[in-house]
Amino acid sequence: MASTRRARILRHLNALIGERHHETSAPTLLKAAGYLQAEWNRCGWTTKRESVRVDGHAVPNVLAARHPPGRNLDRRLAPLLVGAHYDTVAGSPGADDNASGLVVLLEVAERLKDIALSRPVWLVAFCFEEQGLHGSVAFAARLKAERRSLTGAIILECVGYASDEQGSQHTPAALPIPVPKTGNFLGLVGNEASSAFLASVGRCMRQSAPSLPLVPLTIPGKGEALPDVRRSDHAALWDHGFPAVMLTDTANFRNPHYHRPTDELDTLNLDFLEQVIDAVTGTVGLLVGQGLHE
């Protein structure tokens, strides 16, 4: 079973890794969107696309959903959202940033496809994250306009790079907590309004993957004083009043390949990534259902 999972993860990574940018590699970007949607459809999730237009370029957010039986239209049940961006900066194949996060979304769909849900689960692959969070801003603005609520959002941002070397981890300026010097942990970042959701996610992740080191951080307001903690799609959700937590390997504060042409498959720590997958799929299962599909 473990070898089957690893083979599936590698299949996803090989399909997704490659520059995915709306100007320099639009066909590859749209191919990634198609791959995500096809895989979610294969797992029996209901999918759709929502086009986002930036500077004359139209790229979709890709959504997948599962609902409790017979309650597809029941808006009284606030969904749990799990999201990640699928674009890259120009010139980078984006293995850690952010094919690693996309693989977690695909594994959530695979492993949870048969569990009974207590509330809806939405999976969202956001576009234009690297160009100012336009995809998640559009998504959050639509939810706000429709007066929708969320149980919470788990946003995956670079979750595949880890190192056991002392001194491999660096710390953003003005971070209010001490951070280990060894880059083998996963950061969990929430704002004050998301503190209860952050605590719940942390408890579930420790239960689901007890050997994965976690470093949680609650920041004041919406992170205005710490811009380094606002560099992903959770910030758009915070700004629109939704509870959200970012999961991160800390990107450039650990990974020397961040936003570079060397962000390739062979730089990822697949054991670490599998622990993150176990933690997230287990957390979603604990929050919205019973049992995990192997």
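Please refer to the structure placed before this passage.
Residues numbered from 1 in each chain as written. Predicted model: local features only at pLDDT ≥ 70, side-chain atom pairs only at ≥ 80, totals over all residues. Heavy atoms only, no water.

(A) The arrangement of the sheet that holds strand β7 (residues 186–191) in detail. One open sheet accounts for 8 strands, arranged β1-β2-β5-β3-β6-β9-β7-β8; its pairing is mixed. The two strands at the open ends of the sheet, each matched to only one other strand, are β1 (46–54) and β8 (214–219). Within the sheet, the average angular offset between the axes of one strand and its neighbour, ignoring direction, is 20°. For strand β2 (residues 57–66) and strand β5 (residues 121–126), the ladder comprises 5 bridges, and the chain directions are antiparallel. Bridge assignment links A64 to a residue of β5, and that residue is L123. Strand contacts of helix α2 (residues 26–42): β1, β2 and β5, with the helix running at about 15° to β2, the strand carrying the most contacts. Against the sheet, helix α7 (residues 270–288) makes contact with β3 (80–85), β5, β6 (152–157), β7 and β9 (244–248), and its axis sits at roughly 155° relative to β3, the strand it touches most. (Pairing = 2+ DSSP bridges. Helix = DSSP H or I, 4+ residues; strand = E, 2+ residues; numbered from the N terminus. Axes fitted to C-alpha atoms, helices over the stretch in contact; angles between N-to-C directions. Contact = heavy atoms within 4.5 Å.)

(B) Here's a closer look at the side chain of H12. Secondary-structure assignment places H12 in helix α1 (residues 2–16). Residue H12 is classed as buried on the basis of its relative accessible area, which comes to 1%. Once residues lying within four places of it in the same chain are set aside, the contact partners of H12 are Y35, E39, V103, L106 and E107. (Buried < 20%, exposed > 50% of the residue type's maximum accessible area, 1.4 Å probe, protein only.)

(C) Examining the pattern of salt bridges more closely. One pass over the structure, following the stated rule, counts 15 salt bridges. Of the charged contacts in the structure, one is a salt bridge between E110 and R42, with a shortest N-O distance of 2.8 Å. Of this pair, E110 sits in helix α3 (residues 95–111) while R42 sits in helix α2; the two residues are 68 residues apart in sequence, bridging distant segments of the chain. For E110, a relative accessible area of 8% gives the class buried. E107 is the partner of R111 in a salt bridge, and the nearest nitrogen-oxygen pair spans 3.1 Å. Note that R111 and E107 are positioned in helix α3 at a spacing of 4 residues, about one turn of the helix. E107 matches R111 in its accessibility class, with the two residues each being buried. Each of R5, R8, E107, R111 and D278 takes part in salt bridges that share partners, so that together they form one network. (Salt bridge = Lys/Arg side-chain N within 4 Å of Asp/Glu carboxyl O.)

Any functional reading would require information that these geometric values do not contain.
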